[in-house]
Amino acid sequence: MESQLTILLPVAAVWLAAGVLADRLPRLRDARALRRRTGWLLALALAGVALLAAVSIGGMSSAGTAPIDRAAAGLTLATGPALVVALCSVRRIRRLRAGAGAFYTAPGTPAPHGLRAAAAHPLVGLPLQVTALATLPAVIGAAGADLGAEPGVTGPAITVGALAVAVIGVRHALRHSRLIERAQPTAARSARAAGPLHV
């Protein structure tokens, strides 16, 4: 049990760090800091996907009773959101880093609202945070508390998890739309249309 927890803790820690960092990206007002933090986030996301893949492959290649098998079985729930991270989030983070790189040579340049809106896109932070949440049941189970043992605990745990995912998704969507509105230029009113009509 101890070695299973030793396998799961680094995986959960990487995903948790990536989720926290992704949540703070849109708050950055400096383009250089945004580029630096986006690089860290990209490294954490790739490390998280690699660790999860390594545990899953190790679980498939072993005899079936080793700690890595139990760890791989516990991380089955995190496989889906981690796949979304690998297919969608990593590409968006790389584009965001490239966009922030245009301002890298000018220290203190404020990050445009468009870049901050891209950092707040739900496909950047939501899959990372959902994967971090999905690793928690495996860590809790490896620590000795079996959430699936009692039917009275399983239902509320699933409900709380689903509500947490919904709240995180709505929060990302609202923040993204608010920053998109700030990024759009205000439409200039035509002086001719405002004046009296001349025939």
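A. Region of the structure containing the confidence of the model for the protein. Mean pLDDT over the protein stands at 83; residues scoring 70 or higher make up 84%. Between the elements of the protein, mean pLDDT differs from a low of 48, seen in helix α8 (residues 191-194), to a high of 92, seen in helix α4 (residues 76-101).

B. Focus on the environment of R175. Residue position: R175 is located in helix α7 (residues 151-183). Its relative accessible area of 9% is what places R175 among the buried residues. Distance in space between the C-alpha atoms of R175 and P26 is 8.5 Å, their sequence separation being 149 residues. With residues up to four places along the chain from it excluded, the contact list for R175 reads D23, P26, R27 and A120.

C. Structural view of the nonpolar core. One finds W15, L34, L41 and L128 to be the most contacted residues of the largest nonpolar core, which totals 36 residues. Of all the secondary structure elements, the ones that give two or more residues to this core are α1 (2-24), α2 (31-61), α3 (67-74), α4, α5 (113-119) and α6 (122-142). Those residues in contact with L41 that lie beyond four places of it in its chain are A18, L21, A22, L25, I93, V124 and L128.

D. The arrangement of the packing of α2 against α4 in detail. α4 packs onto α2 with a crossing angle of 155° between their chain directions and a minimal axis gap of 9 Å. Accordingly, the angle class assigned to the pair α2 and α4 is roughly antiparallel. The hand of the α2/α4 crossing is left-handed. Touching A31, L34, R35, T38, G39, L41, L42, A45, L46, V49 and L52 of α2 are A78, T79, A82, V85, A86, V90, I93, R94, L96, R97, A100 and G101, all from α4. For the contact of α2 with α4, the class distribution of residues is 16 nonpolar, 4 polar and 3 charged.

E. Fine view of the environment of I7. Along the chain, the position of I7 falls in helix α1. The exposure class of I7 is partly exposed, given its relative accessible area of 24%. Sequence separation of I7 and A142 is 135 residues, and the distance between their C-alpha atoms is 9.7 Å. Discounting residues that sit within four places of it in the chain, I7 has contacts with V55, P67, I68 and A71.

Definitions and limits used
- Residues numbered from 1 in each chain as written.
- Predicted model: local features only at pLDDT ≥ 70, side-chain atom pairs only at ≥ 80, totals over all residues.
- Heavy atoms only, no water.
- pLDDT = per-residue confidence, 0-100.
- Helix = DSSP H or I, 4+ residues; strand = E, 2+ residues; numbered from the N terminus.
- Buried < 20%, exposed > 50% of the residue type's maximum accessible area, 1.4 Å probe, protein only.
- Contact = heavy atoms within 4.5 Å.
- Core = buried A, V, L, I, M, F, W, Y, C linked by side-chain atoms within 4.5 Å.
- Axes fitted to C-alpha atoms, helices over the stretch in contact; angles between N-to-C directions.
- Parallel < 35°, antiparallel > 145°, perpendicular 65-115°, else oblique.
- Left-handed = near helix turned anticlockwise from the far one by under 90°.
- Nonpolar A, V, L, I, M, F, W, Y, C, P; charged D, E, K, R; others polar.

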